[in-house]
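Single-letter residue listing:
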Protein chains: 2
Amino acid sequence: MGQIAFDQFPLQVWSNLVTRHCRNMGARSFAYGDHMGSKAFRETIASYLRTARSLRCEAEQIMIVSGSQQALEISARVLLDPGSRVWVEEPGYALARDVFALAGCHLVPVPIDQEGLDVVAGIKRCRKARAAFVTPSHQFPLGVTMSASRRLQLLDWAQSAGSWIIEDDYDSEYRYESLPIASLQGLDVNARVIYIGTFSKVLFPALRLGYIVIPSDLVDRFLTIRGAMDLGPPSFYQEVLADFIGEGHFARHIRRMRVLYRERRSALVDNIRKELGSMVDVLGDQAGMHLAVTLQNTGSDVRIAERAARQNLWIWPLSLSYLGEVSRQGFILGFGSATVGEIPRAVRKLRSLLTSK
Amino acid sequence: MGQIAFDQFPLQVWSNLVTRHCRNMGARSFAYGDHMGSKAFRETIASYLRTARSLRCEAEQIMIVSGSQQALEISARVLLDPGSRVWVEEPGYALARDVFALAGCHLVPVPIDQEGLDVVAGIKRCRKARAAFVTPSHQFPLGVTMSASRRLQLLDWAQSAGSWIIEDDYDSEYRYESLPIASLQGLDVNARVIYIGTFSKVLFPALRLGYIVIPSDLVDRFLTIRGAMDLGPPSFYQEVLADFIGEGHFARHIRRMRVLYRERRSALVDNIRKELGSMVDVLGDQAGMHLAVTLQNTGSDVRIAERAARQNLWIWPLSLSYLGEVSRQGFILGFGSATVGEIPRAVRKLRSLLTSK
């Protein structure tokens, strides 16, 4: 999970850009940079997000961060107080819950069904939550895409309750059956959405680059907190990446990887159907670099994952994504770094683990 | 202030290392790295700190961060709670105060005299403070070096009060009249000191690399907070810098810069003596990349600095470094990026600003 096909990364193009930027470092490249991030890079991202993700945004709203984790941390520091109540998806992303819990917030798990976050259930549990954390494009971990009506419900709730929506759009560039879908932020006319994106999936995690799209009237508050936290992002990779995007390499890379990951996804799904049949249900395979399988017969997914790891098969137990009662057992299976040739053997290994339990 | 002689940086050597590392990126260089930072880099730093700064430390205690600001932020999150009382130097470093204030702490200003922090005054004001923030090698902004007896007093207080000392050693590599002095951390036998260092001054700020040396029994707590904040530092520059240090370029650069900055420092002091004479006192010129001048006749240093900026002379008013009553007016003068040729004119400009007030 979270692994990319690093051997497919256009390293030659990238290292040429890195070398060029390094040799030409001038006074500004040595100094403390803009706390929001490099202006040219933010303009490139704003333009990309307007086109590819239907966001309503200008460069002035974009803050460069070291990835979605820092984006969450800064958002929590600005928007939440100890005791604030926060909706989190159930099941959901544990590293987001960690941020809210460390900020002293009270977490309210809101169930995910086939349309995404069950907004009515959320309102019933805690109408007055200060914020909701959601992954509408490709829910983590179940992979559901939030339906249009749920999106409107969620935006309505935020507006009427005076709450914030934190939209984590971590892997929406890879969508296999349709065009990328519009972001929640793009539907929002009331500036209630904080949008978080990352280059960890679409390029590589070691970059440590992501961004927050901030409602205009909150930019100053984000900037105050961010300045005190780390003075701003390192400038070097921002400049390299601005050129990587500007010169068309980024779009080309996404197109190539979409084909590659779709093949890997299809190989994985086909093999699961063939080998595991009715033992599991497959969820969330229409996008991203992972899918979920849920177990028909409950068994301890944690115990199976531990046994799998001893056989060098790395699968992530679904039950760890629950805050409250675990209603599904199963696994999150990443296919980003698994070749089509490796997949059949891995799935057979999983079958033998499931049948020998 | 805070500017370096970037045109003296060995860019050719650096970009050769950058190119080499980029071309040879393997699987691990693309992935999420160690939350503490790269092991090889931390070992290099530990060995450097033991030799050059007399620290007692192992690589396991070193956490790589994006600079001293993030080091302060993480330390505050781990050690302090809203309402905690914290000693800060008066005058002192405003960006450190910001971190403690945003964490909801109560700041206790403790005066600086010619021996550094007045520990007895601190104890009188607030014996039970949870932590003390200090810059003992080259106090910011006055440049005093904390005396040996004050260091022992401070360590005694921390041990008996169960408090923490946060030692920010931001520019101790450049010391002009004597060998670098030992750190406070190296004197501490009770593991009460959190030591913070940065490459922003000794290399360049845009690197965004620094480190915390953590008492062994606190490492896990630092790691939990840090993981939730940003998952860890980017790996690329860590690997480059580990080689830059390991191949001897770092030591060579420091030796060259110490000579260069000493010349600039002497030119600045000589010109101040000649042009400003008894109008000012010079403080803290024995180390670092800045010194302080205090005004004999009080005038508003802020107003003078504003007028200076309009004439393209950038000087930092000392009064902004006070939390309470301003007992000295004057300026912090950075000489890192000012050549020996430029200094006389700049000092004459300052004189005309001071005499025309």
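Position numbers for residues start from 1 in each chain and track the written sequence from start to end. By the order in which they are written, chains take letters starting at A while ligands take numbers starting at 1. A pLDDT threshold of at least 70 governs which residues receive local features in this predicted model, and a stricter bar of 80 or more applies before side-chain atom pairs are shown or counted, although totals over entire chains, interfaces and linings include all residues. Hydrogens and water molecules were not included; the side-chain quantities draw on all heavy atoms of the structure.

(A) How the structure looks around the overall build of chain A. Secondary structure elements follow DSSP: runs of H or I of four or more residues count as helices, runs of E of two or more count as strands, with numbering from the N terminus. In terms of helices and strands, chain A carries 13 helices and twelve strands. Put simply, the radius of gyration uses C-alpha atoms, and a globule should come to 2.2 Å times the residue count raised to 0.38. The C-alpha radius of gyration of chain A comes to 21 Å, within 12% of the 21 Å expected for a compact globule of 357 residues. Each of the 357 residues in chain A was classed as buried or not, and the buried ones make up 59%. Looking at charge distribution, chain A has the averaged site of its 42 positive side-chain charges lying 3 Å from that of its 36 negative ones. For every residue, the accessible area (1.4 Å probe, protein chains only) is compared with the maximum for its type, and the residue is labelled buried under 20%, exposed over 50%, or partly exposed between those bounds. In this tally, Asp and Glu contribute negative charge and Lys and Arg positive charge; neither His nor the terminal groups of the chain are included. Charged side chains are reduced to one point each, which is NZ for Lys, CZ for Arg, CG for Asp and CD for Glu.

(B) Representation of helix 3 (residues 39-53) of chain B. All names here are of chain B. One fewer than the residue count of a helix, multiplied by 1.5 Å, yields its expected span. Under the 1.5 Å per step criterion, the end-to-end length of helix 3 is 20 Å for 15 residues, consistent within 8% with the ideal 21 Å. Buried residues of helix 3: Phe 41, Arg 42, Ile 45, Ala 46, Tyr 48, Leu 49 and Arg 53, and no others. One face of helix 3 carries all of its buried residues, which in axial projection span an arc of 170°. By definition, residues are in contact when any of their heavy atoms lie within 4.5 Å. In this fold, the buried residues of helix 3 make contact with strand 1 (62-65), strand 7 (193-198), strand 8 (210-213), helix 10 (236-246) and helix 11 (249-276). A positive phi of about 55° marks Ser 54, the residue just after helix 3. Taken from the helix axis, the directions to the C-beta atoms give the arc we talk about.

(C) Here's a closer look at the interface of chain A and chain B. With 47 residues of chain A at the interface, the matching set in chain B holds 47 residues. Throughout, the accessible surface (probe 1.4 Å) given up by two parts as they are put together, summed over both, is called the buried area. At the boundary of chain A with chain B, total buried surface from both sides reaches about 4,000 Å², with 65% on carbon and sulfur atoms. When the buried surface of chain A facing chain B is broken down by residue, Phe 30, Tyr 32 and Arg 208 of chain A rank first, second and third, together holding 17% of it. Counted as salt bridges are all cases of a side-chain nitrogen of Lys or Arg within 4 Å of a carboxyl oxygen of Asp or Glu. Across the chain A-chain B interface, the total number found is two salt bridges. Arg 77 of chain A is the partner of Glu 73 of chain B in a salt bridge, and the nearest nitrogen-oxygen pair spans 2.4 Å. Whenever two N or O atoms come within 3.5 Å, that pair is a polar contact, provided that in protein one can donate a hydrogen and the other can accept it, and provided that, for residues adjacent in sequence, both atoms are side-chain atoms. Linking chain A with chain B are 13 residue pairs in polar contact (both at pLDDT 80 or more), by the criterion used here. The element contributing the most residues to the side of chain A that touches chain B is helix 1 (residues 11-23) of chain A, with nine residues. Its residues assigned to classes, the side of chain A that touches chain B comprises 26 nonpolar, 15 polar and six charged. Polarity classes work like this: nonpolar for Ala, Val, Leu, Ile, Met, Phe, Trp, Tyr, Cys and Pro, charged for Asp, Glu, Lys and Arg, and polar for all others, with Gly in that last group.

(D) Spatial organisation of the confidence of the model for chain A. Overall, the predicted model of chain A reaches an average pLDDT of 95, with 99% of residues at or above 70. In the model output, the complex is listed with pTM 0.95 alongside ipTM 0.92. Note on scores: pLDDT gives the predictor's confidence for each residue, bounded by 0 and 100.

(E) Region of the structure containing a nonpolar patch on the surface. Nonpolar side chains collect at one region of the surface, where Met 1, Trp 316 and Leu 320 of chain A lie side by side and expose about 280 Å² of accessible area between them. Checked against the element boundaries, Met 1 of chain A lands in the segment before helix 1. Candidate patch residues must exceed 30% relative accessible area and have no salt bridge, after which like charges are joined if within 9 Å and Val, Leu, Ile, Met, Phe, Trp or Tyr side chains if within 5 Å. All accessibility values rest on the Shrake-Rupley procedure with a 1.4 Å probe; residue burial counts only the protein chains present in the view.

(F) View of the environment of Gln 329 of chain A. All names here are of chain A. Within the secondary structure, Gln 329 is located in the loop between strand 11 (316-317) and strand 12 (330-334). For Gln 329 and Ser 47, which are 282 residues apart along the polypeptide, the C-alpha to C-alpha distance reads 41 Å. Of note is the side chain of Gln 329, whose polar atom sits 2.9 Å from the backbone nitrogen of Asp 301.

(G) Spatial organisation of the environment of Thr 51 of chain A. Residues and elements named next belong to chain A. Position of Thr 51 relative to the elements: it lies in helix 3 (residues 39-53). For Thr 51, a relative accessible area of 67% translates into the label exposed. Along the sequence, Thr 51 and Ala 182 sit 131 residues apart, while their C-alpha atoms lie 9.8 Å from each other.

(H) Representation of the sheet that holds strand 11 (residues 316-317) of chain B. All names here are of chain B. The antiparallel open sheet is built from four strands, whose spatial order is 9-10-12-11. Strand pairing shows two members of the sheet lacking a second neighbour, strand 9 (280-283) and strand 11, which therefore form its edges. At least two bridges found by DSSP between two strands are what make those strands a pair. As paired elements, strand 9 and strand 10 (residues 290-295) share four bridges and run antiparallel to each other. Across the sheet, Val 282 pairs through a bridge with Val 293, a residue of strand 10. Lines fitted to C-alpha atoms define the axes here, with helix axes fitted over just the stretch in contact, and angles between the N-to-C directions of these axes take values from 0 to 180 degrees. Helix 11 rests against strand 9, strand 10 and strand 12 (330-334) of the sheet, and its axis sits at about 165° to strand 9.

(I) Quick look at the pairing of strand 6 (residues 164-168) of chain B. Residues and elements named next belong to chain B. Counting buried positions over the five residues of strand 6 gives five, a clear majority of the element. Pairing analysis gives four bridges linking strand 5 (residues 131-134) to strand 6, with the strands arranged parallel. Bridging across to strand 6, Ala 132 finds its partner in Ile 165. Convention used here: a crossover is right-handed provided that the path from the first strand, over the helix, to the second strand proceeds clockwise when the strands point away from the viewer. As a crossover connection, the stretch from strand 5 through helix 7 (residues 148-161) into strand 6 is right-handed. Looking at chain direction, strand 6 and strand 7 are connected through four bridges and run parallel. Looking at the pairing, Ile 166 lines up with Ile 194 of strand 7.

(J) A look at the relation of the copies chain A and chain B. By a simple turn and slide, chain A fits onto chain B: the slide is 0.0 Å along the axis, the RMSD is 0.0 Å, and the turn is 180°. Expressed as an axis order, the relation between the two copies is that of a two-fold axis. Minimal C-alpha distance to the rotation axis in chain A is attained by Thr 19 of chain A, lying at 2.7 Å. The overlap is high: 100% of the interface residues of chain A also sit at the interface in chain B, so the same surface is used on both sides. In this comparison the copies share one frame, found by least squares on the C-alpha atoms of residues holding pLDDT of at least 70 in both.

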